[in-house]
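Listed below are the residues making up each chain.
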Amino acid sequence: MENQNLSAGAQKDALKFIFFNPRGLRPGWRLLIFVGLFSILSYAISFLNIPRKFTPSWLIVNETLAFGVAVFCSWVMSRIERRNMAGYGLPLRDSGALPRFVRGYVFWGFLPLTILLLLLRMLHAFYFGTLALHRGAIFSWGMAWAVLFVLVGLTEEYSFRGYILYTLTE
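Rules used in this analysis
Residues numbered from 1 in each chain as written. Predicted model: local features only at pLDDT ≥ 70, side-chain atom pairs only at ≥ 80, totals over all residues. Heavy atoms only, no water. Salt bridge = Lys/Arg side-chain N within 4 Å of Asp/Glu carboxyl O. Helix = DSSP H or I, 4+ residues; strand = E, 2+ residues; numbered from the N terminus. Buried < 20%, exposed > 50% of the residue type's maximum accessible area, 1.4 Å probe, protein only. Expected span 1.5 Å × (residues − 1). Contact = heavy atoms within 4.5 Å. Core = buried A, V, L, I, M, F, W, Y, C linked by side-chain atoms within 4.5 Å. Polar contact = N/O pair within 3.5 Å; in protein donor to acceptor, adjacent residues only side chain to side chain.

Draft legend 1. How the structure looks around the pattern of salt bridges. In this structure the tally under the stated criterion is three salt bridges. For E81, the salt bridge identified is with R83, shortest N-O distance 2.6 Å. The closest approach of N and O atoms between R161 and E157, which form a salt bridge, is 2.6 Å. On the criterion of helical spacing, the pair formed by R161 and E157 is a turn pair, its members being four residues apart in helix α5 (residues 136–161). On the basis of relative accessible area, E157 is assigned to the partly exposed category, the value being 40%. Shared partners join several salt bridges into a network, and the residues in it are R30, E81 and R83.

This is the structure in structure tokens:
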């Protein structure tokens with residue numbers, strides 16, 4: 001009888017070792033939960049009857065849904081782990097986050113690409129073409145595509161460098 005109690009205690013300790021460390025649930029299991037939840041929600045959203053059009057408005061809806069899934073899954077994991085979600089890379093309450101984001105976007109995104117395109121144009125390797133849009137249409141389309149690509153960047157960065165990278169560092 002004593003051997004059965006001893007082996008049951010050893011099995012309980014082995015299971016505890018497999019699933020938990022001193023900080024709580026092990027990172028591999030947390031990552032598995034996150035990826036599973038992300039996959040299930042992404043698959044469920046794919047069944048929504050959203051027209052598949054290559055226009056900025058429909059692409060903005062698609063990227064907003066994808067970003068929402070990543071944020072929601074991170075929020076669920078922050079509740080499971082009892083952590084602040086800002087630690088995963090999206091500090092919503094940090095007053096300096098927006099200026100840092102804009103500075104990074106301008107100096108490490110927009111400006112280098114603009115310089116590259118201008119250099120290619122000066123070398124006659126790239127031509128902008130003629131204007132197909134005039135007056136206000138060029139600015140409204142430009143703003144729509146700018147919003148879309150900011151959403152694309154947020155979705156990609158937060159999906160792969162948010163919770164996933166935070167958990168892999170452990």
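Additional details are given in the paragraphs that follow.
Draft legend 2. Summary view of α5. Its 26 residues give α5 an end-to-end C-alpha distance of 37 Å, which sits within 8% of 38 Å, the value for a rise of 1.5 Å per residue. Where α5 is concerned, the buried positions are L148, L151, V152, T155, Y158 and S159. Those residues of α5 hidden inside the fold are in contact with α2 (27–45), α3 (56–81) and α6 (163–169).

Draft legend 3. A look at the nonpolar core. The biggest cluster of nonpolar side chains holds 13 residues, and the ones touching the most others in it are F34, Y88, Y158 and Y163. Secondary structure elements with two or more residues in this core: α2, α3 and α6. With five residues, the single largest contributor to this core is α3. Setting aside chain neighbours within four positions, we find Y88 in contact with S74, M77, S78, E81, R83, Y158, R161, G162, Y163 and Y166.

Draft legend 4. Region of interest: the side chain of E81. Looking at the element boundaries, E81 is found in helix α3. Within the structure, the side chain of E81 is placed 2.6 Å from the side chain of R83, a separation counted as a polar contact. Contacts of E81, omitting those with residues within four sequence positions, involve R30, Y88 and Y163.

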